[in-house]
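Chains, contacts and geometry: an overview
Here is how the chains run, residue by residue.
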Amino acid sequence: MESRGSSGIERAEREAPLSPWWRHAVVLVMAFGFTLLAVVTALTYSNAPPIPSRVVDEAGRTLFTGEDVLRGQEVFLEYGLMEHGTLWGHGAYLGPDYSAEYLHRLAEVSRDVLARGRHARPYAALDPDAAASVDGEVARTLKRNRYDPGTGVLRFTPGEAASWTVQQAEWAAYFSGRTPAPGLPAGYIGDAAKLRELTAYFAWAAWATVADRPGKDYSYTNNWPYEPAVGNRPSASTYLWSALSLVTLLAGLGAVLFAVGRFDYLGWHGSPEAGHAHDSVLARWTPTPSQKAVGLYLAVVALLFLLQTLAGGALAHYRVESGGFYGIDLARLLPYNLLRTYHLQLAIFWIATSWVAGGLLLAPIVGGAEPRGQRAGVLALLAALAVVVFGSLAGEWLGINGLLGKLWFWLGHQGSEYLDLGRFWQLLLAAGLVGWLVLMSRALRPAIRDGRRSELASLFLYAAAAIPLFYLPALFFGPRTNFAVIDNWRFWIIHLWVEGFFELFATVLVAVIFVLLGLVSARTATRVIYLDAILYLSGGIVGIGHHWYFTGQGTLNMGLAACFSALEVVPLTLLTLDAWDFIRLRDRRCADCKAAFADRHRWTINFLMAVGFWNFVGAGIFGFLINLPIVSYFEVGTALTSNHGHSALFGVFGMLALAVVVFCLRSLSSDESFSRAERLIRVGFWGLNGGLALMMAIDLFPGGVLQLWDVLQNGYWHARRLSFLMGGTFHRLEWMRAAADTVFLVVGVVPFVAAVLVALLGPRRRAAGEPTA
């Protein structure tokens, strides 16, 4: 063990310990939340739309089988179609919503079949009264559930059977015809059997959106999508729980604001750490060998960040030129679904890598010593990370191009948005996270064993342990699992893992940094961690269900999720108070020497202030806007979802990651190196924030409103068609977004990446007594 002096956490021994009530409250919140979430998840298996053993026409002839549906789902996943369009509103936004598009064509074909049968002429030739009669009959017919659970047979009406025949040809032309699907290469899926199975999957998904649940007056997807032609309109529960969620929000805000006003020691403005600015732990600290190796992680973060944003720029161009890139057939090499896969996956990789780096740098300081062999472990973990990142990216390219055969799910593109990497790469990633946890544990162990300073160190380890633990649900489903169940476990990762426990770990990181800088006491930092855990998890655990309003869940989930997700806005509102706390902490000066405690790390705090802003705007305002069931019913899968996604994922978690990167750079670099890098960081900070704000203001928010209006006017299917995306004001806004993307990339990303390289390639900070060069 290599000792590096006393840790600032040791000063906690002078303070009275926090009341055990805080720990008990966190445990109770988690126990209550996970109990409800477990109930909802268990019900998903029984509430999921059934997959019939056979689908037959009125004469009893088999049209397709349950095996066809399951194989069609495998085709859907293998070819990454969830990163091209959506199913039940979830996925990517260049292609159509496959279930909504199939449903609309089903309505059109059914109307024609009925019109010809009754009036011997097509629907378009009917007079208004006859057309209205046909419309009503089509809606009543399609709403009737003809699935027999005893035999497992689903009987199609003549209209449904005719639509199945017609749409086989239409979807085959879409994916393999002479005119390529938007963003995909020509002849993308050439196997006729796969195309037939894929159409069977779309037919089942569309049936689930319109057929009423047994004994209910709404479909398996709670009448989503909005499609008046088949009688799909918001259910009564959608209106009811939207109203009650607003009541829950007001009650939660009132209770928390009362508590904050009553107990003025809550938040970051609690008592500061005693001492001098020049005598803080970080001012006296010198890097250990393993911490110096963290610089390599920062270089990887910079590379992945650059690649991810370049992929995002190309994706944005697909929205204005779906068939090319300034005349280049980009879809032949990097089709839209592959680029979007890379864009999302690289975002998770570089954000997670930065937090892994921050943990590895801070843990020895908190522990007070570096374990023997820590540097070797840090380097081995970095090598494993490189294997997972670049191996999975290569596997996804091979899988989408059909070059992996039956190994596509294990080595290629798994097909679920945000969880695209193959199962083998997922297992390696989980193993790597466990390895990181071992390294963290070794470094934190001395502090944890010391009862006088164990609480903050233990929280640091618990928060780190939650990251590999809550990644496990990504392994709980396969390619033939019912899609409703897949989507349930998928959002355990997207919402609970990323938005919940990533956020908790980031809170602990920030708390440890502030203690080591001498800005707050360990007692204050610990209390903030507990308070954030209580507030975020109170709404966040059960609130995950707002993603499942219309994906095969019942109304129990809608009621619970609507109310609890409303509570997620409460802590985000309090971030406006945190912003002032951060300003005060950034500017706090030593009473004796007048030096600013955070002077060396003011850009870290600036990025944390940006996190507070985007958390309130992106997650709070834009998130709550689309979380109400009645709003989500009409907008899910529109640009308003992307508006929330960009402002929350990058604005919150991306900015947090960049704050950690800046902190690590400042801690590892000499004053001379960081001084050169700081100028670039300043430009990058304003470029990133300005570019992101312009994306929201120029395109994503107004474009989302336009798309929402079109849903209300013409139906969901219409607002998701390429003809809408590539026309009118919506398309002009997409072109105008080029200015925002340019600011983000050229003024934001490039200077920040350059700053990382300048800081890492310049002279490093030297240990005490180390001779100069």
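Scoring rules and cut-offs
- Along each chain, residues carry numbers from 1 onward, in the same order as the chain's sequence is written.
- Where local features are concerned, this predicted model is filtered to residues with pLDDT of at least 70; where side-chain atom pairs are given and counted, the filter is 80 or more; whole-chain, interface and lining totals use all residues.
- Only hydrogens and water are set aside when side-chain values are computed; all heavy atoms of the structure are taken into account.
- Every helix listed is a DSSP run of H or I at least four residues long, and every strand listed is a run of E at least two residues long, numbered separately from the N terminus.
- For this measure, only C-alpha atoms enter the radius of gyration; the expected value for a globule follows 2.2 Å times N^0.38, where N is the number of residues.
- When checking whether two residues touch, look at their non-hydrogen atoms; a contact exists if any pair is within 4.5 Å.
- Note on areas: Shrake-Rupley with a 1.4 Å probe; residue coverage comes only from the protein chains shown.
- As a per-residue measure, pLDDT tells how confident the predictor is, with possible values from 0 to 100.
- The cut-offs for exposure are 20% and 50% of the maximum accessible area for each residue type, with area from a 1.4 Å probe on protein chains only; residues under the lower value are buried, those over the upper are exposed, and the others partly exposed.
- One less than the number of residues in a helix, times 1.5 Å, gives the span that helix is expected to have.
- Patch building starts from residues that exceed 30% relative accessible area and form no salt bridge, then joins like charges within 9 Å and nonpolar side chains (Val, Leu, Ile, Met, Phe, Trp, Tyr) within 5 Å.
- Salt bridges are counted wherever a side-chain nitrogen of Lys or Arg sits within 4 Å of a carboxyl oxygen of Asp or Glu.
- Within 3.5 Å is the distance limit for a polar contact, defined as a pair of N or O atoms, with the added protein rule that one can donate a hydrogen and the other accept it, and that residues adjacent in sequence qualify only through two side-chain atoms.
- Whenever a helix is involved, its axis is fitted only over the stretch in contact; in every case the axis is a line through C-alpha atoms, and angles between N-to-C directions fall within 0 to 180 degrees.
- Working definition: roughly parallel below 35 degrees, roughly antiparallel above 145 degrees, roughly perpendicular at 65 to 115 degrees, and oblique for all remaining angles.
- It is the rotation of the near helix from the far one that decides the hand of a crossing: anticlockwise by less than a right angle makes it left-handed, clockwise makes it right-handed.
- Residue type decides the class: Asp, Glu, Lys and Arg count as charged, Ala, Val, Leu, Ile, Met, Phe, Trp, Tyr, Cys and Pro as nonpolar, and the leftover types, Gly among them, as polar.
- Strands pair, by our definition, only if DSSP identifies at least two bridges between them.

A few points about the overall build of the protein
- Broken down by element type, the protein carries 25 helices and 10 strands.
- Computed over the C-alpha atoms, the radius of gyration of the protein is 27 Å, within 12% of the 28 Å expected from 2.2 N^0.38 for a compact globule of 773 residues.
- In terms of overall dimensions, the protein has a C-alpha envelope of 95 × 55 × 45 Å along the principal axes.
- Put simply, 79% of the contacts in the protein that link residues at least 6 apart link residues at least 24 apart.
- Accessible surface computed for the protein: about 27700 Å², of which carbon and sulfur atoms make up 64%.

Brief notes about the confidence of the model for the protein
- Averaged over every residue, the pLDDT of the protein is 90; the share at 70 or more is 91%.
- Confidence over residues 1-8 falls short of pLDDT 50; this stretch has 28 contacts with residues more than four positions distant or in other chains.

Things to note about unusual backbone geometry
- Between Trp224 and Pro225 the backbone carries a cis peptide bond, its omega angle lying at 5 degrees.
- Within the fold, Pro225 resides in the loop between helix H6 (192-210) and helix H7 (236-262).
- Notably, Trp88 is not glycine yet its phi reads approximately 55 degrees, a positive angle.
- Relative accessible area serves as the criterion here: at 1%, Trp88 is assigned to the buried category.
- Of note in this structure, Ala120 is not a glycine but carries a positive phi near 60 degrees.
- Note on placement: Ala120 falls in the loop between helix H3 (98-119) and helix H4 (128-143).

Thoughts on helix H14 (residues 454-469)
- Between its first and last C-alpha, H14 extends 22 Å over 16 residues, near the 22 Å set by a 1.5 Å rise per residue.
- By the criterion of burial, H14 is predominantly enclosed, with 12 of the 16 residues buried.
- Listed in full, the buried residues belonging to H14 are Ser454, Leu456, Ala457, Ser458, Leu459, Phe460, Leu461, Ala463, Ala464, Ala466, Ile467 and Pro468.
- Looking at the buried residues of H14, the elements they touch are helix H10 (336-367), helix H13 (423-449), helix H15 (483-516) and helix H16 (522-543).

Observations concerning a nonpolar patch on the surface
- Side chains of Val387, Leu407, Trp410, Phe424, Leu427 and Leu428 sit close together on the surface and give an oily, nonpolar patch of about 520 Å² of accessible area.
- Here the nonpolar patch takes 3 residues from H13, the largest share from any one element.

A word on the side chain of Ser521
- Mapped onto the elements of the fold, Ser521 is located in the loop between H15 and H16.
- With relative accessibility at 0%, the residue Ser521 sits in the buried group.
- Only 3.1 Å separates the side chain of Ser521 from the backbone nitrogen of Thr524, close enough to count as a polar contact.

Some words on the packing of helix H1 (residues 21-47) against H16
- In contact at an axis separation of 9 Å, H1 and H16 are set at 15 degrees when each is read in the N-to-C sense. The angle between H1 and H16 places the two elements in the roughly parallel class. The element H1 and its partner H16 pack so that their crossing is left-handed. Across from Trp21, Trp22, Arg23, Ala25, Val26, Val29, Met30, Gly33, Phe34, Leu36 and Leu37 in H1, the residues of H16 making contact are Arg527, Tyr530, Leu531, Ala533, Ile534, Leu537, Ser538, Ile541 and Val542.
- For the contact of H1 with H16, the class distribution of residues is 16 nonpolar, 2 polar and 2 charged.

Remarks on the pairing of strand S9 (residues 413-416)
- Looking at chain direction, S9 and strand S10 (residues 419-421) are connected through 2 bridges and run antiparallel. Bridge pairing in S10 links His413 to Leu421.
- Connecting S9 to the antiparallel partner S10 that follows it, the hairpin turn spans 2 residues, and Tyr418 within it adopts a positive phi of roughly 75 degrees.

Examining the sheet that holds strand S2 (residues 54-56)
- The mixed open sheet is built from 4 strands, whose spatial order is S3-S2-S7-S6. Unpaired on one side and paired on the other, strand S3 (62-65) and strand S6 (147-148) mark the two borders of the sheet.
- In this structure, S2 lies alongside strand S7 (residues 153-155), joined through 3 bridges in parallel fashion. Residue pairing across strands places Arg54 opposite Val153, the latter belonging to S7.
- Contacts between helix H2 (residues 66-78) and the sheet are confined to S2 and S3, with S3 contributing the most and set at about 50 degrees to the helix.

Observations regarding the pattern of salt bridges
- The tally for this structure, following the rule as stated, stands at 25 salt bridges.
- The salt bridge partner of Arg480 is Glu67, with a shortest N-O separation of 2.7 Å. Here Arg480, found in the loop between H14 and H15, pairs with Glu67, found in helix H2; they are 413 residues apart in sequence, far enough to count as distant.
- For Arg480, a relative accessible area of 35% gives the class partly exposed.
- Here Glu137 makes a salt bridge to Arg140, at a shortest N to O gap of 3.0 Å. One end of the pair is Glu137 and the other is Arg140, both in helix H4 and 3 residues apart, which spans about a single turn.
- According to the relative accessible area criterion, Glu137 is partly exposed, its value standing at 24%.
- Taking the relative accessible area as the measure of exposure, Arg140 reaches 53% and is therefore exposed.

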